[in-house]
Every structure is written in structure tokens, then in C-alpha cells.
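Overview (structure and organization)
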Amino acid sequence: MNSNALTLGLAIAPAIDDILRDGARRALQAAIDREVDEYIERNSGCLDEKGHRLVVRNGRHPARKIQSGSGSVEVCQPRVNDKRVDEAGNRFHFTSKILPPYLRKTKVMEELVPWLYLKGISTGDFPEALACLGHDGSGLSATSVVRMKEVWEKQFEDFSRRSLEGKHYV
């Protein structure tokens, strides 16, 4: 293989990753927009005494990055102004099933982090290790990894203390 072919191969790989990430971002954004549109359409018959809709779009939340298996994907969730109230006087709120509040990483990333930790990556080296996998490592500071580790330890303790009564293992 000549050096031009090698250089070309290295140049193409990031371009493919960028295309895949952009496709993932567009698909996710379209799904989120569709979910909001369906919510607003489903509630389009809810009107106030002046005939104005009680459920309307109201701009967009600031963009946020989601760490996914294909890298960091930035999306903007539409805002929904839902003025309806229940019998107790509490306002209804739209909550996305696709992009819940505070979601910053997908399930794949949540499964990758413990694997990297178990392989010996130190808490401070996560951003660098994830950069090799095409992620920017944002949202995975040493402190957040330590917090995750505490959750894993609690899960392990609960698992270790579970009752085995009535269970038969080979």
C-alpha cells in the first residue's frame, strides 16, 4: 500500500464518522420535532374562553450535546407552552419520551464507561480515552465517573445481599 492510499484511508474514516454523526443528529432532531408536533396536534382542541390554543410551541431550549455510540450529537428540543391545568390546579407539562430532561448520554455510553473503568482507565483519563473512540468526553469529568462508581458499588452491594432462598443454581 502506498503512502497516498494510506493517507486517503485516514482522511476518509473521519469523514464517514462525521457523516454518520450528522445523520444520527438529523434523525434524532426529526424524531424530537415529530414527537412535539404530535403532542401539540393531539391537544389542538384544548382552547381557552377566547378560542386560543392552550398547548402551543414556544421556541426551543438551548442546544445540548448527547454522548452516543456514534459520538457527540447536538440537538435542540422544542419548547411547549402547555397552559392546561388539572383538577388540583397543577399545570400540565410536556416531557419527551425520546429526550428526557437532563439526558446527556445514551445507554451505550452508560455501558461503555464501566467497561473502560474495569479495564483500568483512571477517572481523569476518560475524556482522552473517549476521544480515541470519537467522543469529545464532555460530561465525563473525574467527579462524574466517581459518582457513577459509587452507584455501581451500591448496586453490587444490593446484588451481594439479595436473598437466595428458594433459588437453585447449578
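Residues numbered from 1 in each chain as written. Predicted model: local features only at pLDDT ≥ 70, side-chain atom pairs only at ≥ 80, totals over all residues. Heavy atoms only, no water.

This part covers the overall build of the protein. Scanning the protein from N- to C-terminus turns up four helices and four strands. Shown N-terminal to C-terminal, the secondary structure of the protein runs as helices and strands in the order α-β-β-β-β-α-α-α. Here the protein holds 170 residues, and the buried ones make up 25% of them. (Helix = DSSP H or I, 4+ residues; strand = E, 2+ residues; numbered from the N terminus. Buried < 20%, exposed > 50% of the residue type's maximum accessible area, 1.4 Å probe, protein only.)

Now for the layout of surface pockets. Each pocket or cavity is described by its volume, and for the largest pocket that value is around 440 Å³. What lines the largest pocket is a set of 20 residues, among which H61, Q77, P78, F94 and P101 lie closest to the centre. With five residues, the top contributor of residues to the lining of the largest pocket is strand β4 (residues 78-82). Among the residues making up the lining of the largest pocket, the classes are represented as nine nonpolar, six polar and five charged. (1 Å grid on protein atoms, 1.4 Å probe; cavity = no way out; pocket = protein on both sides within 12 Å on 5 of 7 lines; lining within 4 Å. Points joined across faces, edges and corners; volume = space filled by probe spheres on them. Nonpolar A, V, L, I, M, F, W, Y, C, P; charged D, E, K, R; others polar.)

So, on to the environment of V73. Turning to its location among the elements, V73 is positioned in strand β3 (residues 71-75). Separated by 47 residues in the primary sequence, V73 and R26 have C-alpha atoms spaced 9.2 Å apart. When residues no more than four places from it in sequence are discounted, the contact partners of V73 are R21, A24, R25, L28, R64, K65, I66 and S68. (Contact = heavy atoms within 4.5 Å.)

This part takes up the pattern of salt bridges. According to the stated counting rule, one finds ten salt bridges in the structure shown. R60 is the partner of D33 in a salt bridge, and the nearest nitrogen-oxygen pair spans 3.2 Å. Pair noted here: D33 is in helix α1 (residues 3-42) and R60 is in strand β1 (residues 55-60), with a separation of 27 residues, a long-range link. D33 sits in the buried class, given a relative accessible area of 17%. D37 is paired through a salt bridge with R57; the nearest N and O atoms lie 2.8 Å apart. Here R57 lies in strand β1 and D37 lies in helix α1, a separation of 20 residues in the sequence. Salt bridges linked by common partners bring D33, D37, R57 and R60 together as one network. (Salt bridge = Lys/Arg side-chain N within 4 Å of Asp/Glu carboxyl O.)

Before going further, it helps to spend a moment on the environment of D82. Within the secondary structure, D82 sits in strand β4. Since its relative accessible area comes to 3%, D82 is described here as buried. In the structure, D82 is positioned 27 residues away from V55 in sequence and 4.4 Å away in space, judged by C-alpha atoms. At 2.5 Å, the side chain of D82 forms a polar contact with the side chain of Y39. (Polar contact = N/O pair within 3.5 Å; in protein donor to acceptor, adjacent residues only side chain to side chain.)

This next bit is on the confidence of the model for the protein. For the protein, the mean per-residue pLDDT works out to 80, and 77% of the residues sit at or above 70. Across residues 3-10, where pLDDT falls below 50, the model places one contact with residues more than four positions away in sequence or in other chains. (pLDDT = per-residue confidence, 0-100.)

A few words on the packing of aromatic side chains. According to the stated counting rule, one finds one aromatic pair in the structure shown. Ring centres of Y39 and F94 lie 4.8 Å apart, and the angle between their planes is 55°; this geometry places the pair in the tilted category. With Y39 in helix α1 and F94 in the loop between β4 and α2 (107-118), this pair connects stretches of sequence that are 55 residues apart. Here Y39 and F94 have matching classes, each one buried. The aromatic ring of F92 is capped on one face by R84, whose charged end is 4.4 Å from the ring centroid. (Phe/Tyr/Trp six-rings, centres within 6.5 Å; stacked < 30°, edge-to-face > 60°. Lys NZ or Arg CZ within 6 Å of the ring centre and 35° of its normal.)

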